[in-house]
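Chain by chain, the residues run as shown.
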Amino acid sequence: MKHMFDRGRSLFTAGAGAALLICTITGHAIAQSTSNAGSAGLLERAARLDVRGVTLEAALSELWQRSGVPLAFSPDLVNGNGSVSCSCADITVREALDSLLLGTGLTYYETSRRIVVRPATGSVRRAQSSQQSPSQIGTLLGYVRAAPDSQPIAGAQIEVSGHAGELRTNRQGQFRMTLPAGAYDLTVRALGFAPRQLSDLPVVAGDTNSVTVFMNVAPLRLQDIVVTPSTYGILREDRVIIPQSLTRQEVQTRPHTGEDIYRAVDRLPGVTTDDISARLTVRGGPNDQVLSILDGLELYEPFHLKDIDGALSIIDVESVNHVELITGGFAAQYGDKLTGVLSMESTTPRPDRTTTTLGLSFMNATFKNQGGFAGGRGTWLASARRGYLDLVLDITNAADGDERISPVYYDVFGKVQYQLSSRHLLSGHVLHAGDKMSLVEDDATELESDWDQSYGWVNWRADFTDALSANTTLSIGRVTRKRLALDPSGYDGEQQLSVEDRSTFNFYGFKQDWSLLVSPRWIVKWGIDLKRGSADYDYFRWRRSLLPNKTNPFAPLWTPQFDTVTVVTSPTGHEAGLYLSHRLRPVDPLTTEIGLRYDYHSHTGDRTVGPRVNAALELGPGTVLRGAWGFFYQSQALQELDAADGDDRFYPAQRAEHRIVGMEHRLRDGTSLRIEAYERRISDPRPEYRSVEPQYEPVWEEGPEDRVRLEPTRGLARGIEVLARRDVGGRFAWSVSYALASAEDEIDGEWVPRPYDQRHTLRLEAAYRPSASWSMSWAWQYHSPWPGTPGGYTLDTLATGDLVFMQFLGRMNSERLPAYHRFDARLSRHFPLGRGRLSVYLDVFNLYDRENAKSFNYRIDGLGGTQFGVVRTTHELLGLLPTVGARWEF
């Protein structure tokens, strides 16, 4: 049978490497928003305006001409406002309008075609005494910074005494306004910071007067303090709440292949993936030990293209608003996993507009529709994605003779929310994903597979009082797979493998989480998680192998041996999880969370109790020490039976003890530092099956002699991770991370490295934004060699005296592959186009085309007679992979 590894690599390359063109069509209802409302499109275009001492009418007309944004206003309305000035060449239309209309009693709103200027309700027109000549006008230029590290604060609200209207800082924390000469009081507010008021700020006629406002972080609520170490936020803007977070802009502008949220996560310390699979290995623990959650519901194997180890996730990144990754020491509310948690929250649409987005690329066709109803009390979100790698690969398949590979995948997500009252929110969610794979190789090996996942759930979020709240989830789901494989390529031309694999997993569940704020220093949380499930397995494998005849010279040279595996079973079971935790703040610098979790699984008989302790201690301004300890259990789930390996038994729960301590510190220049040490001790690990020579083969788990059963007695993962990051004024940013780690299993008295064990990992990233329209970023990573298994060939003598080559494999993972390193780069450009904005990018994966290795490969190099040599090469991962993309939003 021909190995599937190179086919999997070429499949991914053909899809992701094709030029990516995304066409987006957005329709807007009229948004009756004031000047401080968030809006995209016309208001975000470059103003390109620079006027001084002109009438407001002339300034607005000039803004129309310079920016290309149509403005609708009445000359009678804007006359009588005196002279205005605006040095607005490098800011947006929104910021220019905020400056020009400040104190005029006017505001604006955006329609699908133009910006309309109108009187602000309840505002006071500027007094005639404020009609100043150009010589009486000055400019106030301000910078808003976080104390003590001077980081810019974007979106801060600026209010000036005696003037209507509102201004906000840009991404660099800067604001600018033109004012009549005089003295003013300034009020600055920003989310997560204590308000600041400055009195008697002077504005000098004909001059630009600068002021820098430093803001102190506001005390966090007890429920917002992060006590769990190893916590990372993705696609988040609230850096105050989630430490070491990556914003959506950072994720979009940094190098990553496939526009996949799982591939953005692998940039974080402790996370490992290979180039093709999107599955996460977290601190040495495989992906099935990581809890995946979407809007409160656990997802099972949330990947497309599972026949090549899950190359993409089933979650469209554009439908996700927040992601939180916890790589260890998670609280008692999360259960039944040994290693980590990946929690995702879907986007909440704006209720005041309806938006439709259509996307098109060589990999996917996408659709998204979102909006509001019932006067803004309800919102909906619907998205669909269809991959057509099958169509792209049809072109390459035509050149491959008898070979054919045709993968098809799609996913659909929908959500409807309705605000029953100010304290009650009801939402319904559906998610469906499907995959089909058809494969014919040049040796006539055939595979037909069909995978489906369907989920439906309802969430009810209720705040019964200011102190008591609950979140209730009712869910139902179904996961199915069907695989049919045939391999006729035996040594003697006879069929050697036939596989029929059908399985179904059904579940329904009830989950409820409660929170009670007993006092500002004490929160009690408790919850229950109930599930009922059933699974059906119908697995049959017939395999024929040939053994050499070494004893009987009159018998055939090869003796066929037949191996048949049949697993037909329908297990059922129910699960119950209960937890109780107390979050306490005994003194101001210290916050603790002490929890206890109980889990029961009827099909395994597991009854486990796991205590967990987390703590955060503020050592000083910008310095926090965090620690965690606890026992974590994972039972073998109903859908995790190893039927392909002929194992129809469920094993007892595994246990892991987590010990974690870490510290974060922010320097005065804005650099954030984080160092964390962890140890995870695994006891009672269940048996597992591995291929000694791992590669991407769709029927490799039913394949030849290298499939082995391992029975580790214990496991150990430990390491130290260091991360440093800094954003310099929004223009330049960098990060450096290093991890010293090991992940091993004790097997037959020896410690054996796990498949992705890498002792040293170094990642370097840098990003530069020369302007608001351009961004460029680079990423380089290195890790020490993965383990590999040695092997080779020997000559053996048959009964007839003939010589035959026989392959052998050495001790598992006793050698190391070559070291891994690669360099990625991304260039992005944004500019206005029509009524919207066009974003284009060039992403280059593995820029210098490094040949990184997945596993060893051996072949015979004949030298004549009985002389031969064995050549060891490697199965390669992805090489140079450029991707060009564009997104047009309007």
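Residues numbered from 1 in each chain as written. Predicted model: local features only at pLDDT ≥ 70, side-chain atom pairs only at ≥ 80, totals over all residues. Heavy atoms only, no water.

J.: Outline the overall build of the protein, supporting the account with residue identities and numerical values.
T.: When helices and strands are tallied, the protein shows 7 helices and 55 strands. Out of the 890 residues belonging to the protein, those deemed buried represent 54%. Within the protein, counting contacts between residues at least 6 apart in sequence, those at least 24 apart form 65% of the total. Accessible area of the protein: about 37,200 Å², with a carbon and sulfur share of 56%. (Helix = DSSP H or I, 4+ residues; strand = E, 2+ residues; numbered from the N terminus. Buried < 20%, exposed > 50% of the residue type's maximum accessible area, 1.4 Å probe, protein only. Contact = heavy atoms within 4.5 Å. Areas by Shrake-Rupley, 256 points an atom, 1.4 Å probe, with all protein chains shown as cover.)

J.: Report on a nonpolar patch on the surface, specifying residues and quantitative values.
T.: Nonpolar side chains collect at one region of the surface, where Leu617, Leu619, Leu625, Val661, Met663, Ile675, Ile720, Val722, Tyr738 and Leu740 lie side by side and expose about 750 Å² of accessible area between them. Put simply, the parts of the chain that give the nonpolar patch at least two residues each are strand 36 (606–620), strand 38 (654–666), strand 42 (714–728) and strand 43 (732–747). On the secondary structure map, Leu740 appears in strand 43. (Patch = residues over 30% accessible without salt bridge, like charges linked within 9 Å, V, L, I, M, F, W, Y side chains within 5 Å. Salt bridge = Lys/Arg side-chain N within 4 Å of Asp/Glu carboxyl O.)

J.: Before we move on, could you go through the sheet that holds strand 15 (residues 231–234) and cite the residues and values that matter?
T.: The 5 strands lie next to each other as 15-22-23-18-19, forming an open sheet whose pairing is mixed. Looking along the sheet, the strands with just one partner apiece sit at the ends: strand 15 and strand 19 (297–298). As judged from the 6 bridges shared by strand 22 (residues 320–326) and strand 23 (residues 340–346), these two strands associate in the antiparallel manner. The residue bridging Glu324 from the neighbouring strand is Ser343, located in strand 23. (Pairing = 2+ DSSP bridges.)

J.: Before we move on, could you go through helix 2 (residues 56–67) and cite the residues and values that matter?
T.: In this model helix 2 runs 16 Å from its N-terminal to its C-terminal C-alpha over 12 residues, within 8% of the 16 Å that 1.5 Å per residue would give. Those residues of helix 2 that fall on the buried side of the exposure criterion are Leu56, Ala59, Leu60, Leu63 and Ser67. Down the axis, helix 2 shows its buried residues gathered within 95° of arc, on one side only. A positive backbone phi angle near 80° is found at Gly68, which sits one or two residues after helix 2. (Expected span 1.5 Å × (residues − 1). Arc of directions from axis to C-beta.)

J.: Run through unusual backbone geometry, naming residues and quoting values.
T.: In the Ramachandran plot, Ser230 falls in the positive-phi region, its phi being about 65° despite a non-glycine side chain. Secondary-structure assignment places Ser230 in the loop between strand 14 (208–215) and strand 15. Using a relative accessible area of 0% as the deciding quantity, one classes Ser230 as buried. Of note, the phi angle at Glu301 is positive, near 50°, even though the residue is not glycine. Structurally, Glu301 can be placed in the loop between strand 19 and strand 20 (303–304). Glu301 gets classed as partly exposed once you look at its relative accessible area, which sits at 33%.

J.: I'd love a proper account of the packing of aromatic side chains, names of residues and values included.
T.: For any pair of aromatic rings, the description rests on two quantities: the centre-to-centre distance and the angle between the ring planes. Overall, the coordinates contain 17 aromatic pairs when judged by the stated rule. Plain terms: the ring middles of Phe373 and Tyr418 are 6.2 Å apart, the flat faces sit at 15° to each other, and that makes the pair stacked. Here Phe373 is found in strand 25 (residues 364–373), whereas its partner Tyr418 is found in strand 27 (residues 404–421), with 45 residues between them in sequence. On the accessibility criterion, Tyr418 (28% relative accessible area) is partly exposed. (Phe/Tyr/Trp six-rings, centres within 6.5 Å; stacked < 30°, edge-to-face > 60°.)

J.: I'd like a description of the side chain of Asn369, backed by residues and values.
T.: Secondary-structure assignment places Asn369 in strand 25. For Asn369, a relative accessible area of 15% corresponds to the buried category. Of note is the side chain of Asn369, whose polar atom sits 2.7 Å from the side chain of Thr356. In this structure Asn369 touches Thr354, Thr355, Thr356, Trp380, Leu381 and Ala382, once residues within four positions along its chain are discounted. (Polar contact = N/O pair within 3.5 Å; in protein donor to acceptor, adjacent residues only side chain to side chain.)

J.: Talk me through the pairing of strand 24 (residues 355–360); I want residue IDs and the actual numbers.
T.: Here strand 24 shows a buried face lined by Thr355, Thr357 and Gly359 and an unburied face lined by Thr356, Leu358 and Leu360. Pairing analysis gives 6 bridges linking strand 24 to strand 25, with the strands arranged antiparallel. Paired with Thr357 across the two strands is Lys368, which belongs to strand 25. In sequence, strand 24 turns back onto strand 25 through a hairpin of 3 residues.

J.: Outline the sheet that holds strand 5 (residues 106–110), supporting the account with residue identities and numerical values.
T.: Here we have 3 strands laid out as an open sheet, ordered 3-6-5, and mixed in their pairing. Each having just a single partner strand, strand 3 (71–72) and strand 5 make up the two edges of the open sheet. Taken together, the 2 bridges between strand 3 and strand 6 (residues 115–119) define a ladder with parallel strand orientation. By the bridge assignment, Ala72 is partnered in strand 6 with Val116.

J.: If you had to explain the packing of helix 2 against helix 4 (residues 93–100) to someone new, which residues and values would you point to?
T.: Relative orientation of the contacting elements helix 2 and helix 4 amounts to 175°, with a least axis distance of 11 Å. As far as their axial angle goes, helix 4 and helix 2 are roughly antiparallel. Contacts between helix 2 and helix 4 involve Leu56, Ala59, Leu60, Leu63 and Ser67 from the first element and Val93, Ala96, Leu97 and Leu100 from the second. Its residues placed into classes, the contact of helix 2 with helix 4 shows 8 nonpolar, 1 polar and no charged. (Axes fitted to C-alpha atoms, helices over the stretch in contact; angles between N-to-C directions. Parallel < 35°, antiparallel > 145°, perpendicular 65-115°, else oblique. Nonpolar A, V, L, I, M, F, W, Y, C, P; charged D, E, K, R; others polar.)

J.: With reference to specific residues and values, describe the nonpolar core.
T.: If you look at the biggest cluster of nonpolar residues, it comprises 53 residues, and the most contacted ones within it are Leu431 and Tyr455. With residues up to four places along the chain from it excluded, the contact list for Leu431 reads Leu294, Leu299, Ile314, Ile315, Val412, Phe413, Gln453, Ser454, Tyr455 and Trp457. Listed in part, the 26 residues of the second largest apolar core include Leu42, Ala96, Ile115 and Val117. (Core = buried A, V, L, I, M, F, W, Y, C linked by side-chain atoms within 4.5 Å.)

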